[in-house]
Amino acid sequence: MDWFLHPWPWYVAGPLIGLTVPALLLLSGKTFGISSSFRHVCSITFPGRSSIAYLRDNDWRKESWNLLFVVGILIGAFVAARFLSAEAIVLLPASMATPTGMIKLFLGGLLVGFGTRYADGCTSGHTITGLSNLQWSSLVATLSFFVGGLVSTAITHYQGL
Amino acid sequence: MRISSLFIGIFFGILLIKSEVASWFRIEQMFLFQEAHMYLIIGSAVAVGAASVALIKWLGLQTVDGEQPVLKVKPLQKGTIIGGVLFGLGWAITGACPGPIYAQIGSGQMLALVTLAGALVGAYLYALLKSHLPH
């Protein structure tokens, strides 16, 4: 059981991640996707939520399962890091804990929030769910995600930014 | 609302950490084509997801509520590409797509709260600008 406390190989983790799609579909009657949670939080808390159409016309109460799912991710990640890992989990470079690093995280996060809402989905809603459903739009979305990621990585890696 | 969403979320959160999909370093390795880990994870997840969806349709399985499961087809729009590229830029910078942002926070990496703040402001900006953007 020693492997259990170390990072899991792709052939264990990948298929299990794929099972999230039928699990949510059959046990909750919902379509797997995470970035819509950003919209729901804005609809609940942000100023102007009653006048901005995108936030006002969002029936977040009907989609509150999505926020429950997000709470689940927080709990699951806590359990995995605290009880299912032999070594300390390091997910971000130490350089992010500087003012410059935090500006990067904020601006990068801004692109994630803006981009996923504009594209109507992220890696879960488009790449995993949409491709599983053989949707043309999700293939285009996934390729676009990778174009953005490759450009961004090339700039920072080869320019030493 | 079914409590099952919470438990499936916990299952998914554990996987994001144990697969290291929520690791900035894994994302960089993926975009530099230095290791196959992320591609194999995404590929096998999609393969299992697609087989499951096909099986559900073929067998005509119903949800726990006795309904026909519906996967809403998203239309292909300009935003799919423009928004998709913008998200990709942010994904590589932060090392996190939306699920992993929450997973990083849950694992105790509190810096990811900054990423989440950015994502919420980004979604808010989209809400404000939506009518002026090409779709």
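To be clear, the structure that these remarks concern was listed above.
Residues numbered from 1 in each chain as written. Chains lettered and ligands numbered in written order. Predicted model: local features only at pLDDT ≥ 70, side-chain atom pairs only at ≥ 80, totals over all residues. Heavy atoms only, no water.

1. As for empty space enclosed by the protein
For step 1, the next point in the chain: Under the criterion given, the structure shown has one cavity of 30 Å³ or more.
For step 2, the next point in the chain: Of the volumes computed, that of the largest cavity is approximately 180 Å³.
For step 3, the next point in the chain: In terms of lining residues, the largest cavity is bounded by 18 residues, among which T123 and I128 of chain A together with L16, V21 and C97 of chain B are the most central.
For step 4, the next point in the chain: Looking at the lining of the largest cavity, the elements with two or more residues in it are helix 7 (123–132) of chain A together with helix 1 (4–18), helix 3 (37–59) and helix 5 (98–106) of chain B.
For step 5, the next point in the chain: Of all the elements, helix 3 of chain B adds the most residues to the lining of the largest cavity, at four residues.
For step 6, the next point in the chain: Of the residues belonging to the lining of the largest cavity, the class tally is 15 nonpolar, three polar and no charged. (1 Å grid on protein atoms, 1.4 Å probe; cavity = no way out; pocket = protein on both sides within 12 Å on 5 of 7 lines; lining within 4 Å. Points joined across faces, edges and corners; volume = space filled by probe spheres on them. Helix = DSSP H or I, 4+ residues; strand = E, 2+ residues; numbered from the N terminus. Nonpolar A, V, L, I, M, F, W, Y, C, P; charged D, E, K, R; others polar.)

2. What about the layout of surface pockets?
For step 1, the next point in the chain: Within this model, the largest pocket holds a volume of roughly 1100 Å³.
For step 2, the next point in the chain: For the largest pocket, the lining is made up of 43 residues, of which T31, S36 and E63 of chain A together with K72 and K74 of chain B are closest to its centre.
For step 3, the next point in the chain: Here the element with the most residues in the lining of the largest pocket is helix 7 of chain A; it accounts for four residues.
For step 4, the next point in the chain: Within the lining of the largest pocket, the residues separate by chemical class into eleven nonpolar, 21 polar and eleven charged.

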